[in-house]
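So you can see what is in the structure, the chains are spelled out below.
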Amino acid sequence: MAANGNGVSTPRISLARIQTEKKGNGICHDDSGKTVKATTIDELHSLQKKRSAPTTPLDGVQGTFASLSEEERQRQQLQSISASLASLTRGTGPKVVRGDPAVKAQAVAHVAHHHQHHLEAPTISVSDSSLKFTHVLYNLSPAELYEQAIKYEKGSFITSTGALATLSGAKTGRSPRDKRVVIDDTTQDELWWGKGSPNIEMDEQTFMVNRERAVDYLNSLDKVFVNDQFLNWDPQNRIKVRIVSARAYHSLFMHNMCIRPTLEELENFGTPDFTIYNAGQFPCNRYTHYMTSSTSIDLNLARREMVILGTQYAGEMKKGLFSVMHYLMPKRQILSLHSGCNMGKDGDVALFFGLSGTGKTTLSTDHNRYLIGDDEHCWSDNGVSNIEGGCYAKCIDLSGEKEPDIWNAIKFGTVLENIVFDEHTREVDYGDKSVTENTRAAYPIEYIPNAKIPCVGPHPKNVILLACDAFGVLPPVSKLSLAQTMYHFISGYTALVAGTEDGIKEPTATFSACFGAAFIMLHPTKYAAMLAEKMQKHGATGWLVNTGWSGGSYGSGKRIKLPYTRKIIDAIHSGSLLNATYEKTEVFGLEIPTEIEGVPSEILHPENTWADKQAYKDTLLKLAGLFKKNFETFTNYTIGKDNKLTEEIVAAGPNF
């Protein structure tokens, strides 16, 4: 009994009675709820997980592994991974076994009862690494990779929206000066070498030294992550890639950025077409020939391999594979492109080229159009296709108002690189540059609501070259001839605003061949010739769109308003701009429309917006001179049997 506030006793509310009954052994049991079907805690944990079901039906499977049992399929899969990790001096790979070494009971049981699932190294290859098993964490899911990162990788946290925050170590961007390509009898003639080229040579012997260093490091670890994935959504021209890495962060990054295979495709994967060995936590030997720092990113096109040492920045893998595609695809008469791509509801496709700050991501992301991809594409006889399975977006100063699609894509499964967050709420401060200004988010393309899956489309109707002209002399939009398209494609122009010590800011011209000079393998004119051929064959129109300044250079003029640029892009998509009246500009010889709906006519010709006409002409000639000087690198290269096409391209540039 208990007393209430008046001192009157009231009966307690009794608890629910536990129903028990005596079993045959005379012991009472609690029968109020059903018991689990487990006798130990380990058994109970095993009930939590069930085996993954195939994502595609396996009936009528055709392929290398189609008639194999599951045991044999797994054995061959591990054999392939072991071969990838083989030291060439020893000629054999490590003993490999699937599973996390931390799950000891499972691993021991697996080794003890399934000897056919690991590979014995020959006894003559005696070393510490040959006496141990290397555990392979194969194509783990995002949830599994989260667990690995949180548990074992310092600097890994789950943010308030569910994304995985990671750190890339000392390097927070690519290291282009440390990238090397093996020069041999084939690549010596095929690749672009010398002035202006991103390809820095190394010999085969040095590559093998670095490969051995990377493989030995990976084999010394208790576990490695292995991703088997695809590049290129065009099924006839896709490339099988294998990524061997030491970090869950790298594995999840590539899970997002490459095309994710179905279980059926994984079971029939076979031998990869290209392999990355990411030993980025381990430095290269600076005494090795061709090495200029402790970082080295090495491509061997003959062996179809890439080695990464001394940098944990994940973007090296993405752009390394893009370089590979810039070599492999043109061999199939397929043009590889550093561009955004979207498609209208009527099937009209547009390509967007542009360097950083030109608005490529903003303008190619249009809620009225389907997104095929934001960065890397192929143009084949079948149409266009995205090379990747994800997006790698800049995060600095990101907001839901400015970039709602990217903002909403930062959720569970997304990798957030080098961002800063509140230590308690885990809310990200996208304006904080404490680690780096190059903060990034990597997420599957399906996270974008209007993404077109599969990421393929018909032949493009419009090729849009974007330039942020801080000199303020290029028109907001110009229609280009085929030769002009090639000239401006090879030039890859934009202008950056650089601050100087005394506080004066002035524009600085930046040129990047094919709008992606750091990644191309062949001479830029080869890609330009392929672009012109495909545009001519499929009736595509070239456009030069200035998203920069009007009415003066940076400091005196004003940035062209984004709504005006969007109206221009809409007019290109609709086809109405083709029917406009055009007039020709001086020096650059650009065709500019006299009228566009929703855009003030006075801004269409840049000279009209400048109060000081002489200053306009001086600035125009200054920019034209910068174009000419930059193009000198390409004038000595002959396209085709004669020099006619080269002469046409040079003539399409500024004349003064």
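You'll find the structure just up there.
An account of the accompanying structure is given in this report. Just so you know, the residues in each chain are numbered from 1, in the order the chain's sequence is written. Confidence filtering applies because this is a predicted model: local features only for residues at pLDDT of at least 70, side-chain atom pairs given and counted only at 80 or more, and all residues used for totals across whole chains, interfaces and linings. Values shown for side chains rest on all heavy atoms present in the structure; no hydrogens or waters enter the calculation.

Considerations on the packing of aromatic side chains
And then number 1: Here the aromatic set is Phe, Tyr and Trp, taking the six-membered ring for Trp, and pairing holds for ring centres within 6.5 Å; pairs whose planes are under 30 degrees apart are stacked, those over 60 apart are edge-to-face, and all others are tilted. Here the structure, examined in full by the defined rule, presents 20 aromatic pairs.
And then number 2: Between tyrosine 493 and phenylalanine 511 the ring centres are 5.4 Å apart and the planes differ by 40°, which places this aromatic pair in the tilted class. Taken together, the residues tyrosine 493 in strand β30 (residues 493–499) and phenylalanine 511 in strand β31 (residues 505–511) connect sequence positions 18 residues apart.
And then number 3: Looking at tyrosine 493, the relative accessible area reads 4%, which means it is buried.
And then number 4: Burial here depends on accessible area, computed with a 1.4 Å probe over protein chains only, as a share of the maximum for the residue type. Under 20% is buried, over 50% is exposed, and the range in between is partly exposed. Its relative accessible area of 22% is what places phenylalanine 511 among the partly exposed residues.
And then number 5: In this structure an aromatic cluster arises from ring pairing among Trp192, Tyr487, Tyr493, Phe511, Phe588, Phe627, Phe631 and Phe634. The secondary structure listing takes helices from DSSP runs of H or I that are at least 4 residues long and strands from runs of E that are at least 2 residues long, numbered from the N terminus.

A short note on the packing of helix α12 (residues 482–491) against helix α16 (residues 613–631)
And then number 1: Axis definition: a line fitted to C-alpha atoms, over the contacting stretch in the case of helices. Angles run 0 to 180 degrees between N-to-C directions. The interhelical angle for the contact between α12 and α16, taken along N-to-C directions, is 80°, at an axis separation of 10 Å. Between α12 and α16, the angle falls in the class roughly perpendicular. Here Tyr487, His488, Ile490 and Ser491 of α12 lie close against α16, whose contacting residues are Phe627, Lys628, Asn630 and Phe631.
And then number 2: Residue composition of the contact of α12 with α16, grouped by class: four nonpolar, three polar and one charged. Each angle receives one of four descriptions, namely roughly parallel if under 35 degrees, roughly antiparallel if over 145, roughly perpendicular if within 65 to 115, and oblique otherwise. In this analysis, two residues are considered to be in contact whenever any of their non-hydrogen atoms come within 4.5 Å of each other. Each residue is assigned to one of three groups, with Ala, Val, Leu, Ile, Met, Phe, Trp, Tyr, Cys and Pro labelled nonpolar, Asp, Glu, Lys and Arg labelled charged, and all others, Gly among them, labelled polar.

Some points on the side chain of glutamate 403
And then number 1: As for its placement among the helices and strands, glutamate 403 is situated in the loop between β22 (390–394) and α11 (404–409).
And then number 2: Charged-residue counts in this description rest on Lys and Arg as positive and Asp and Glu as negative, His and the chain ends being excluded. By definition, a salt bridge exists where a carboxyl oxygen of Asp or Glu is found within 4 Å of a side-chain nitrogen of Lys or Arg. Despite its burial, glutamate 403 remains without a salt bridge, the nearest opposite charge being carried by arginine 566 at 6.7 Å.
And then number 3: If near-sequence neighbours (up to four positions away) are discounted, glutamate 403 is found in contact with Thr362 and Leu398.

A closer look at the side chain of serine 512
And then number 1: Inspection of the secondary structure puts serine 512 in the loop between β31 and α13 (524–538).
And then number 2: By relative accessible area, serine 512 is classed as buried at 14%.
And then number 3: Not counting residues up to four positions away in its chain, the partners in contact with serine 512 are Leu355, Ile490, Ser491, Gly492 and Ala517.

Side note on the nonpolar core
And then number 1: Membership of the largest hydrophobic core comes to 125 residues, with the highest contact counts inside it found for Trp379, Leu416, Phe489 and Phe588.
And then number 2: Sorting elements by how many residues they give to this core places helix α9 (residues 315–331) first, with eight residues.
And then number 3: Contacts of phenylalanine 489, omitting those with residues within four sequence positions, involve Leu337, Phe353, Leu465, Ala513, Cys514, Phe515, Tyr527, Ala528 and Leu531.
And then number 4: Here the nonpolar core consists of buried residues drawn from Ala, Val, Leu, Ile, Met, Phe, Trp, Tyr and Cys, with membership extended through side-chain atoms lying within 4.5 Å. Of all hydrophobic cores here, the second largest spans 25 residues; its members include Ile81, Phe207, Val244 and Ala246.

Some words on unusual backbone geometry
Note: most peptide bonds trans; most residues except glycine with negative phi.
And then number 1: Between isoleucine 453 and proline 454 the backbone carries a cis peptide bond, its omega angle lying at 0°.
And then number 2: Note on placement: proline 454 falls in the loop between β26 (440–444) and β27 (456–457).
And then number 3: In this structure, arginine 426 is a non-glycine residue whose phi angle is positive, near 65°.
And then number 4: One can find arginine 426 in the loop between β24 (420–421) and β25 (428–429).
And then number 5: Phi angles above zero are rare outside glycine, and valine 587 is one such case at about 70°.
And then number 6: The topology assignment puts valine 587 in the loop between β35 (582–584) and β36 (591–593).
And then number 7: Under the relative-accessibility criterion, valine 587 is labelled buried at 16%.

With respect to α13
And then number 1: With 15 residues, α13 ought to run about 21 Å at 1.5 Å a step, and its terminal C-alpha atoms sit 21 Å apart, in line with that.
And then number 2: The set of residues buried in α13 consists of Pro524, Thr525, Tyr527, Ala528, Met530, Leu531, Ala532, Lys534 and Met535.
And then number 3: Taken together, the buried residues of α13 touch α9, β16 (335–338), β20 (376–380), β28 (460–467), α12 and β32 (541–546).
And then number 4: A positive phi of about 70° marks glycine 539, the residue just after α13. The length a helix should cover is 1.5 Å for every residue beyond the first.

Some details on α9
And then number 1: In a regular helix each residue adds 1.5 Å, so 17 residues correspond to 24 Å; α9 covers 25 Å between its end C-alpha atoms and thus fits that length.
And then number 2: Of all the 17 residues making up α9, 16 are buried; the element is thus mostly covered by neighbouring parts of the structure.
And then number 3: Of the residues one or two after α9, glutamine 333 is the one with positive phi, at around 60°.

Read these as geometric descriptors, not functional statements.
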